[in-house]
Amino acid sequence: MKLASTIQLVSSLASTSDPGVAAYDALRRLTTHSPVAVTGTLQPRKAPKKPSEHASGLITSAETRVESIVPLNAFPEDIIMAPETVFQADQRHLQIRNEPSLREALRFRSKAAHIIRDELCDKHDFIEIETPLLFKSTPEGAREFLVPTRVPGMAYALPQSPQQYKQIMMASGIPRYMQIAKCFRDEDLRADRQPEFTQVDLEMAFASGEDVMQIVESVVKRLSVEMLHQKDMPKAFPRMSYNEAMSKYGSDKPDLRLGSEIHRVEYMLPVDLIGKIGPLASPAVDVMKIPISEDPSATMVFVNTFMDSPEAQPFINNPHGQPGIFVIDSRKPLQGMQVFGFEAAEQVEELLSLEDGDLVVLQARPNAPFAGGSTPIGNLRLALHKAAVAQGLLSAPTGFAFTWITEFPLFSPTTDAEPGQGGSAGLASTHHPFTSPKTSADVDLLLTDPLSVVADHYDLVVNGVELGGGSRRIHKADMQKYVLQEILKISDERLGDFAHLLEALRAGCPPHAGLALGFDRLVAVMLGKESVRDVIAFPKTGRGEDAMVKSPTRMTEVQLETYHLRLRDSK
Ligand code: ASP
C-alpha cells in the first residue's frame, strides 16, 4: 500500500439523515494536523486543469465520500504550525512533520540504501554482515567514545569504523563484505560532522584498489542514474594524484567545476617581487585567476570588499605572506601587473590567458612536499568563488564532478587536530595504519624514508566534498607489526590492542582492499543539501548534543557507582 498522499474528503448534505452531515460536523470540530480515521467510499474525481491548483502530493484522480470521521488524537492549540514555521532542534518531530523536503530526504535516503544493497549484494555478490558496536579501544586514528562496563575499570569503545572486523572477515573466508554501518568518532564537529554517522562500508578479498574503485563507481553511477536521472555519467571517473590535486587546486578534495587552476610560477618572477609577497627566503609561488567580471572596476570593488570581510582574515594572517591581488585592466601599464615587470607580466598573461576584469592572486608557500588537506591559495580559491557566487558575479556551479584522488603519502607529520595512532615517531597514518604502501619501491622506502612512501589509498571526491576513502590493506602480519611498532612507534601496550588483527593476518589472510563511503554526506550531496543534518532524522547539534532527547545527560551517583567511576574535580 502506498501512503502519505493527501486526499479530498467530500460529504453530501442532501438530508440531515445523510451520514455525511454528522461527519461534516465532526470534521469542523477537528483541529488541523489531528489524526483521524475516515470511513467512506472512494470515488473518481475530476482532476484539476493545472496541477499547481493543488498542494503537491494531493490525489487528484479520486476523492472520498465520507460516512464517518473519528478523531484518533488532537493536535494541541498551543503548538502553532504554519507551512513556514521552523521548529527548534528540540522539536524535531514537528520539523519533520512540517517540512516535506526533510521527509523527502529521509525517503531518498532509504531508497538509496536499498539500491546500494541491491547493487552490491545482488549484482556483485557481497554479503551484508553486521559487526559489533561494542568494540574495543584501539589507536586507529580518531578519538573514540568509551562505554564503561560494570566490571571495575573495564570499557568497550564504539567503533570509529568496522575496519578491523572487516579485515578479520577477509581472513575468515568471506570474499566480499558490505554493511551500511554506524560509526562513532569523537571529533571536531565544526566541519559539519556528526559524532555518529553512517558509512557504506565494503571490503573485497583477492582484490586491488582498482577492483574496489570499479565496484564503487558502479554503485555511485547507479544511484546517480536511478535517483537523480543523470544521463551523462562518465564511463570511468577521472583520477588525479594527491600531489596533482594539491598543486592544481590546493586541495585534496578539489571542486573541479570551478576551474581556476593554480600554477607554480616562482621561476618566472623577479626576485624583488618574491621578496615583497612574503618572508620566506625561497618559497614556492602559486598563481591563479578568477574571471570575476569583464569590468575591472567591478572586480576591484568585489575584491576590496572581500579583503575587508572576516572571511579574508585567515588569508591576511598567513605567516607565509598575504595573497598578492591584481585586477587585470588594459587601461593600466602592464594591465595592472607593473610589479611583475615586463617579462613576468607577459609570461603570466600567456599562462593564464588573462582578460580585462580577471582577478589574479599570487601566494607564497614553503617550498616543501605537500602535507594536509589544503593550501592557503586552495582555500582562497574556494572562498573567492563562494563570495562571487553570493554576489551574483559568477554563476553557481552545477552538476556532479566526480574524481578519484590517489597516491596519498602513507604517513603525515602528527598534528594537534587528530590524535593519530599516538606513537612517538611524530608521524601519523594519513588514512589509517592498515593501508599498504603502493609499490615494492614504496615498501623499501619504509625502511629509509617513511614520509616519502606513497600509499595505495584512494578517496572519492565530488564537487569539493570527500565522499569516502579506502585502500589496499597490509595483509601480512609482519609488515603490519613493523608499521605500528617501528614506524609509528606505538607503545607495546597499544600494539597489544591490535593482537586480534595481527593474529588474523598471520592466519594466511588473502590480499584485500576496501573503502567506506560517508552515506549521510553522499545523500546530502545528491540532494544539494548544505548540511548532513538535513538528511539525518535525529542529528546531533554542532555541540554533539541531541537537542530533542537532551543528551548527553549528567551521570547520576547511582550510575557512577554502577560503573565504579568517580568524577575528578574539574579545574
Ligand atoms: N574504514 C575506511 C576504509 O575502508 C575508511 C574510513 O573509515 O575513513 O578504509
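This one's a predicted model, so the numbers in the text were calculated from it and none came from an experiment. (Residues numbered from 1 in each chain as written. Predicted model: local features only at pLDDT ≥ 70, side-chain atom pairs only at ≥ 80, totals over all residues. Heavy atoms only, no water.)

1. Structural notes on the overall build of the chain
Broken down by element type, the chain carries 17 helices and 19 strands. Principal axes of the C-alpha set define a box for the chain whose edges measure 100 × 70 × 55 Å. In the chain, buried positions account for 44% of the 571 residues. Considering only intrachain contacts with a sequence separation of at least 6, the fraction spanning at least 24 residues in the chain is 69%. (Helix = DSSP H or I, 4+ residues; strand = E, 2+ residues; numbered from the N terminus. Buried < 20%, exposed > 50% of the residue type's maximum accessible area, 1.4 Å probe, protein only. Contact = heavy atoms within 4.5 Å.)

2. What about the pattern of salt bridges?
Applying the stated criterion across every chain yields a total of 27 salt bridges. As a salt-bridge pair, Asp 252 and Lys 253 come within 3.6 Å of each other at their nearest N and O atoms. When its relative accessible area of 32% is taken as the criterion, Lys 253 is described as partly exposed. Look at the salt bridges and you will find they share partners, linking Asp 118, Glu 119, Lys 123, Arg 222 and Glu 226 into a network. (Salt bridge = Lys/Arg side-chain N within 4 Å of Asp/Glu carboxyl O.)

3. Some words on the sheet that holds strand β2 (residues 36-44)
Reading across from one edge, β1-β3-β2 is the order of the three strands in this open sheet, with mixed pairing throughout. Since the sheet does not close on itself, it has two edges, and those belong to β1 (6-10) and β2, each with one partner. Sheet twist, expressed as the mean angle between neighbouring strand axes with direction ignored, is 50 degrees. Two strands pair when backbone bridges link them, and β1 and strand β3 (residues 58-71) are joined in this way by four bridges, in the parallel orientation. Each residue of the ladder has a partner; that of Val 10, found in β3, is Arg 65. (Pairing = 2+ DSSP bridges. Axes fitted to C-alpha atoms, helices over the stretch in contact; angles between N-to-C directions.)

4. Comments concerning the environment of Val 549
Along the chain, Val 549 falls in the loop between α16 (519-526) and α17 (557-562). Relative accessible area serves as the criterion here: at 55%, Val 549 is assigned to the exposed category. Along the sequence, Val 549 and Pro 296 sit 253 residues apart, while their C-alpha atoms lie 54 Å from each other.

5. Considerations on helix α6 (residues 242-249)
Taken together, the buried positions of α6 are occupied by Tyr 242, Ala 245, Met 246 and Tyr 249. Each buried residue of α6 sits inside an arc of 105 degrees when the element is viewed along its axis, so together they form one side. Remark: Gly 250 follows α6 within two positions and exhibits a positive phi of approximately 65 degrees. (Arc of directions from axis to C-beta.)

6. A word on the nonpolar core
By size, the foremost hydrophobic cluster in this structure holds 43 residues, and its most contacted members are Ile 116, Leu 120, Val 216, Leu 223, Leu 460 and Phe 519. Elements that contribute at least two residues to this core include exactly α3 (100-123), β7 (176-184), β8 (196-205), α5 (209-228), β14 (402-406), β17 (457-462), β19 (512-518) and α16. If sequence neighbours within four positions are ignored, Leu 120 has contacts with Asp 125, Phe 126, Met 178, Val 200, Leu 202, Ile 215 and Val 219. Counting 25 residues, the second largest nonpolar core, distinct from the first, contains Ile 174, Leu 410, Leu 446 and Val 483. (Core = buried A, V, L, I, M, F, W, Y, C linked by side-chain atoms within 4.5 Å.)

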